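# Analysis of the macromolecular model
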Amino acid sequence: MTTRPVRLTVNGREYTGQVEPRKLLTDFLRDDLGLTGTHVGCEQGVCGACTISLNGELVRSCLLFAVQANGAELKTVEGIAPSATELHPLQEKFWQLHGLQCGFCTPGILLTAEALLKEIPNPSETEIREWLSGNLCRCTGYQNIVAAIQEAAKAMNNAKS
Amino acid sequence: MKPAKFDYYDPTTLDEALSLLAQFGDRARPLAGGQSLVPLMNFRLIRPAHLIDLNGVAGLSYLKIDDGALRLGATTRQRELERSADVAKRWPLLRDAAGFIGHVQIRNRGTIGGSLAHAFPSAELPVAMVSLDASLTLRSKTNQRTARAEEFFLSYMTTMLQPDELLTEISVPALPAQSGWSYHEVSRRHGDFALAGAASLIALDANGAIQHARLTLTGATPIRSQDTEEFLLGERPSETLFRDAARRATENLEQDSDIHASAEYRREVCAVLARRALMRAAQRSAEQMKGTTQ
């Protein structure tokens, strides 16, 4: 079995590993690095549970091989809170407004919402729903997710001004 | 749901990539964005022995304007079509078509060349590129040739590309002055594969008559309706005209039935979308004439 070395940064911390080329980035994050916040849903790019940020771009980690992330900077759900004792405003609002039930889709949705608010600080409901179209949730009906994102946007914009 | 074993190569130059393809032929697959290839590999519907990753190949990802034409490197991400101010201003059909591809997470990674080479029926970029009279550069280790988008797509997921060839560049000519555009599609959910789609370009002359028309519909490969385009030339836009044109374009339109929709349904929807796309494109051309469009 031929393996290749991988060196990458996740949430500001450097990791190295040795992988078979066919190992998916999702599996590398979860099984090799122990970062199990990134979830595995459909493994065909449809559900969005494995959404992460790769060099600042939102991607499906199940559609990338770990070798392709060599040298990259990743952000996963473990990296969005500012510290071990504080929540990100999005996490805060998801908690307050019941933006989740079973929580399986939540890591991917938080990453998507974070990228959305970075690109569009004041998104309309339509824009929020369009961005969320790439993340499936089977519990909530999306209503509270949309509300939580709207409230988080307000909180973040108020904090800025 | 995990891919079968393969040997992985990450060439950094186009020559290196083309040499690898020449060496392995159809036992190799080039990997661009991987948004279609990797799901197929995860399902083990395909098991390439050699995977040639193009993401590190220098000089394959660019979006630039050269002599009035838009030149796109094959591994340019689809998202760039949405982000480029030049594309929005001069080839808005491409921006709108790209917006229908999957979701933002997919477009961040999926490439323009990958979508064309994959040639999935109902995919947006092939339909848009045919409407825009794009030309494609195909390269192998020993040869380079150019194909018009219209002749590039042969059948379901089948193109002119030989196993040792790569699509390296897409060139889109400038549109006629005051061109209006429109891309319409119907899918079950936002971002799903389209059940039917239609792209249209219309340019009116100073008297308000149609002087340039393009209508392309989805099918096994993009279906350009040249007969309909000729029918429209010299006519003045009207609801009736476009209704007739849409009927003409779809009455013998080849469509397939599958679990998602029957051929009859697809033909019917294509007719509605064709009419709407032509209407909207003509309106936009008229707005451009008045200088009121954004």
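A quick note: this is a predicted structure, and the numbers were derived from the prediction, not measured.

Of the regular secondary structure elements, chain B holds 12 helices and 14 strands. By the compact-globule yardstick of 19 Å for 294 residues, chain B fits well, its C-alpha radius of gyration being 19 Å. With the C-alpha coordinates of chain B rotated into their principal frame, the extents come out at 60 × 45 × 30 Å. Sorting the 294 residues of chain B into buried and exposed places 53% on the buried side. Pairs at least 24 apart in sequence give 63% of the contacts found in chain B among residues at least 6 apart. A total of about 12800 Å² of accessible surface is found on chain B, and carbon and sulfur atoms cover 46% of it. Computing the positive centroid from 35 side-chain charges and the negative centroid from 35, chain B places the two 5 Å apart.

Here chain B shows a mean pLDDT of 96. Residues at 70 or above account for 99%. Here the predicted complex carries an ipTM of 0.96, next to a pTM of 0.96.

Next up on the list: the interface of chain A and chain B. Every contact between the two is made by 29 residues of chain A and, on the other side, 30 residues of chain B. In this assembly, chain A packs against chain B so that about 2500 Å² is buried in total across both faces, 53% of it on carbon and sulfur atoms. Considering only the surface of chain A that becomes buried against chain B, Arg22(A), Leu63(A) and Phe65(A) emerge as the three largest contributors, covering 24% of it. The tally of links from chain A across to chain B stands at 6 salt bridges. In this structure, the salt-bridge partner of Lys2(B) is Asp27(A), at a minimum N-O distance of 2.6 Å.

It helps to recall that an α-helix has 3.6 residues per turn; residues three or four apart then point in one direction. Residue and element names in this part refer to chain A. For helix α5 (residues 143-160), built from 18 residues, the straight-helix expectation of 26 Å at 1.5 Å per residue is met to within 8% by its first-to-last C-alpha distance of 26 Å. What α5 keeps buried is the set Ile 145, Val 146, Ala 148, Ile 149, Ala 152, Ala 153 and Asn 157. Take α5 and look down its axis: the buried residues cluster within an arc of 165°, on one side only. Opposite the buried face of α5, by more than 90 degrees, sit the exposed residues Asn 158 and Ala 159. Those residues of α5 that are buried lie in contact with α2 (89-96), α3 (106-119) and α4 (125-132).

With 35 residues, the main nonpolar core has Leu94(B), Leu116(B), Met129(B), Ile170(B) and Val172(B) as its most contacted residues. With 5 residues, helix α8 (residues 124-131) of chain B is the largest single contributor of residues to this core. Among residues more than four places away in sequence, those in contact with Ile170(B) are Leu70(B), Arg71(B), Leu72(B), Ala74(B), Ile112(B), Gly113(B), Leu116(B), Met129(B), Ala134(B), Ser135(B) and Leu136(B). Listed in part, the 32 residues of the second largest apolar core include Leu8(A), Leu29(A), Leu35(A) and Tyr8(B).

A separate point is the packing of aromatic side chains. Aromatic rings considered in pairs are described by the distance between their centres and by the relative angle of their planes. In this structure the tally under the stated criterion is 5 aromatic pairs over all chains. Seen from their ring centres, Phe65(A) and Phe6(B) are 5.1 Å apart, and the 65° between their planes marks the pair as edge-to-face. Of this pair, Phe65(A) sits in the loop between β4 (57-60) and β5 (73-75) while Phe6(B) sits in the segment before β1 (7-9), placing the two residues on different chains. The same class applies to Phe65(A) and to Phe6(B), which are both buried. Taken together, a centroid distance of 5.6 Å and an interplanar angle of 40° make the contact between Phe100(B) and Tyr183(B) tilted. Within this pair, whereas Phe100(B) is found in the loop between α5 (92-99) and α6 (104-107), its partner Tyr183(B) is found in strand β11 (residues 179-187), the two being separated by 83 residues in sequence. Given a relative accessible area of 6%, Tyr183(B) falls into the buried group. Positioned above the aromatic ring of Trp181(B), the side-chain terminus of Arg284(B) is 4.1 Å from the ring centre.

Backbone geometry at Asn55(A) places phi at a positive 50°, although glycine is not the residue there. By the element assignment, Asn55(A) lies in the loop between β3 (51-54) and β4. For Arg44(B), which is not a glycine, the phi torsion comes out positive at approximately 60°. If you trace the backbone, Arg44(B) turns up in the loop between α2 (37-42) and β3 (50-53).

Criteria and cut-off values
Residues numbered from 1 in each chain as written. Chains lettered and ligands numbered in written order. Predicted model: local features only at pLDDT ≥ 70, side-chain atom pairs only at ≥ 80, totals over all residues. Heavy atoms only, no water. Helix = DSSP H or I, 4+ residues; strand = E, 2+ residues; numbered from the N terminus. Rg over C-alpha atoms; globule rule 2.2 N^0.38 Å. Buried < 20%, exposed > 50% of the residue type's maximum accessible area, 1.4 Å probe, protein only. Contact = heavy atoms within 4.5 Å. Areas by Shrake-Rupley, 256 points an atom, 1.4 Å probe, with all protein chains shown as cover. Lys, Arg positive; Asp, Glu negative; His and termini not counted. Charge placed at Lys NZ, Arg CZ, Asp CG, Glu CD. pLDDT = per-residue confidence, 0-100. Buried area = accessible area lost by both parts, 1.4 Å probe. Salt bridge = Lys/Arg side-chain N within 4 Å of Asp/Glu carboxyl O. Expected span 1.5 Å × (residues − 1). Arc of directions from axis to C-beta. Core = buried A, V, L, I, M, F, W, Y, C linked by side-chain atoms within 4.5 Å. Phe/Tyr/Trp six-rings, centres within 6.5 Å; stacked < 30°, edge-to-face > 60°. Lys NZ or Arg CZ within 6 Å of the ring centre and 35° of its normal.

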